[in-house]
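# Structural characterization, general
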Amino acid sequence: MKINLLHALFLECDNVSTDTRKVAKNDMFFALKGDHFNGNTFAHKALENGASYVIVDDAEYQTSENIILVNNVLETLQELATFHRSALNIPIIALTGSNGKTTTKELINAALSQKYCTTATVGNLNNHIGVPLTLLSMTKHTEIGIVEMGANHLEEISFLCRIAKPDYGYITNFGKAHLEGFGSIEGVIKGKTELYRYLEKNNKLIFVNTNDTLQIKHSSNIKIFSFGTENNADVRVLLEAAAPFIAVNFKNEKLITQLIGAYNFNNISAAICIATFFKVSNAAIKKGLERYVPANNRSQIINKSGAKIILDAYNANPTSMTAALESLSTLNGASKIAVLGDMFELGNEAKTEHNAIAALASNLNIDEVLLVGENFYITNVHSNKIKRYRTFEDFKNNFDFSSIKNTTLLIKGSRGMALERVLNLL
């Protein structure tokens, strides 16, 4: 079926689904394949659950006029998303980076939605499936789209740009994330700046932090709109406080957020910059950002069992781990404990990077450092502050959780460590 005809059918539907357990009435279901499943086998189940149309790529399952056969379901999903994006003809902001993508995306959305009808990536659906689903969630009412892009190998951002065709871009930072796939920090930079190269080639605009020399270096010859702490930035934002909640000043407007950690300053500043570019008023920006409350295990403040808990357990890499530890060390008041879980996807750098984090934590103004996971367990940093646990079960069974009363507790680790489970132990 030609993509324009499929798009016409898509417009008759209410939503796109790839999971029969979540199919609703009048959905269009895409029968994707994975390493351990074949969505084609669920074609009839999707119809039974209310889907209006089902897209398959195995003729054996085309047993109804509502089941549409294509050459490749995934490629069709991506092609349909690009066609839909072009049909909407709205500005698309793409963002990527090693740390802070999802929080920054949420902040941008919080600020822009004060003036515009926006559609943004839900959660972190930022890959070759998530980006198309984000685009297809946009409707005729959407005025600005905000698309988060993730990658752990070269050419992935470039591929996602060809799907989403962004008009604007922002890279949060270049950090030590996904070193196993990118190979090195130089590989990370090359991979992330694929966004810049796409925008440069298509004469589009990027948002740049003037305080980040690497961003400046890699954004030459591209149209920019900037933010920073110096007067040469298009939007000047100053950090006023981070104890623990961040307060900033821009254009004589004081804004007190519900975010902790000085590492979130740039994320907030980027949202202010982008909203300013799109002519959202200062008062509306302040309103949107002050109302934003972090969720999904990202920089959440939780009070439980007499402790103030900083739950930042959604993910971790050496760059974000360093920032979180340094932020914890600056807080005043009660004793401070860090529960740190292994950082994944570091490849050959895993041993070095885990040792570096253990050394950093032992030298900061932190009272106790609890290291959880195989990589942290074999670190060779010697300090009375440090306790090591090979597994989460080992930690669960051997640590005295009553000792965390009247403390500030940081919980941070890679997604696979699922350290939010600590909350159930308190």
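It should be emphasised that the depicted structure is a prediction, and the values quoted were computed from it without experimental measurement.

Below, the discussion takes up the overall build of the chain. Scanning the chain from N- to C-terminus turns up 16 helices and 19 strands. Scaling as 2.2 N^0.38, a compact globule of 426 residues should have a C-alpha radius of gyration of about 22 Å, and the chain matches this with 23 Å. Overall, the chain is about 70 × 55 × 40 Å in size when its C-alpha atoms are taken along their principal axes. Taking all 426 residues of the chain together, 54% fall into the buried category. The contacts in the chain between residues at least 6 apart in sequence include a share of 61% that link residues at least 24 apart. Approximately 18700 Å² of the chain is accessible, and the part contributed by carbon and sulfur atoms is 47%. Between the averaged position of the 42 positive side-chain charges in the chain and that of its 41 negative side-chain charges there is a distance of 6 Å.

Turning next to the environment of Asn-380. Summarising the element assignment, Asn-380 is placed in the loop between helix 15 (374–377) and strand 18 (386–389). Apart from the residues lying within four places of it in its own chain, the contact partners of Asn-380 are Asn-355 and Arg-388.

One open sheet holds the 6 strands; their spatial order is 14-15-19-16-17-18, and the pairing between them is mixed. The strands lining the two open edges of the sheet, one partner per strand, are strand 14 (300–304) and strand 18. Between one strand axis and the next, the sheet turns by 20° as a mean value, whatever way the strands run. Relative to strand 15 (residues 307–311), strand 14 runs antiparallel, the two being bridged by 5 bridges. By the bridge assignment, Lys-304 is partnered in strand 15 with Ala-307.

Judged by pairing direction, the sheet is mixed, and its 9 strands sit side by side in the order 6-7-5-8-9-10-11-12-13 without closing on themselves. Of all the strands in the sheet, the pair left with one neighbour each is strand 6 (118–120) and strand 13 (253–260). The sheet shows a mean angle of 25° between the axes of neighbouring strands, taken without regard to direction. Examined bridge by bridge, strand 8 (residues 168–171) and strand 9 (residues 205–209) share 3 bridges and lie parallel to one another. Bridge pairing links Gly-169 to Ile-206 in strand 9.

So, about the UniProt feature "domain: Mur ligase N-terminal catalytic" (unreviewed entry) in the chain. When the UniProt feature table is mapped to this numbering, "domain: Mur ligase N-terminal catalytic" (unreviewed entry) covers residues 15–82. Taken end to end, residues 15–82 is 24% helix and 21% strand, and its first and last C-alpha atoms sit 16 Å apart.

A separate point is the layout of surface pockets. Taken as a whole, the second largest pocket holds about 700 Å³ of empty space. Lining the second largest pocket are 26 residues, with Ser-17, Thr-18, Asp-19, Leu-32 and Ile-129 sitting closest to its centre. Secondary structure elements with two or more residues in the lining of the second largest pocket: strand 1 (15–17), strand 2 (27–30), helix 3 (73–88) and helix 5 (130–136). Across the lining of the second largest pocket, the residue classes tally to 12 nonpolar, 9 polar and 5 charged.

The rules we used
- Residues numbered from 1 in each chain as written.
- Predicted model: local features only at pLDDT ≥ 70, side-chain atom pairs only at ≥ 80, totals over all residues.
- Heavy atoms only, no water.
- Helix = DSSP H or I, 4+ residues; strand = E, 2+ residues; numbered from the N terminus.
- Rg over C-alpha atoms; globule rule 2.2 N^0.38 Å.
- Buried < 20%, exposed > 50% of the residue type's maximum accessible area, 1.4 Å probe, protein only.
- Contact = heavy atoms within 4.5 Å.
- Areas by Shrake-Rupley, 256 points an atom, 1.4 Å probe, with all protein chains shown as cover.
- Lys, Arg positive; Asp, Glu negative; His and termini not counted.
- Charge placed at Lys NZ, Arg CZ, Asp CG, Glu CD.
- Pairing = 2+ DSSP bridges.
- Axes fitted to C-alpha atoms, helices over the stretch in contact; angles between N-to-C directions.
- UniProt positions renumbered as here; feature names shortened; annotations may be inferred.
- 1 Å grid on protein atoms, 1.4 Å probe; cavity = no way out; pocket = protein on both sides within 12 Å on 5 of 7 lines; lining within 4 Å.
- Points joined across faces, edges and corners; volume = space filled by probe spheres on them.
- Nonpolar A, V, L, I, M, F, W, Y, C, P; charged D, E, K, R; others polar.

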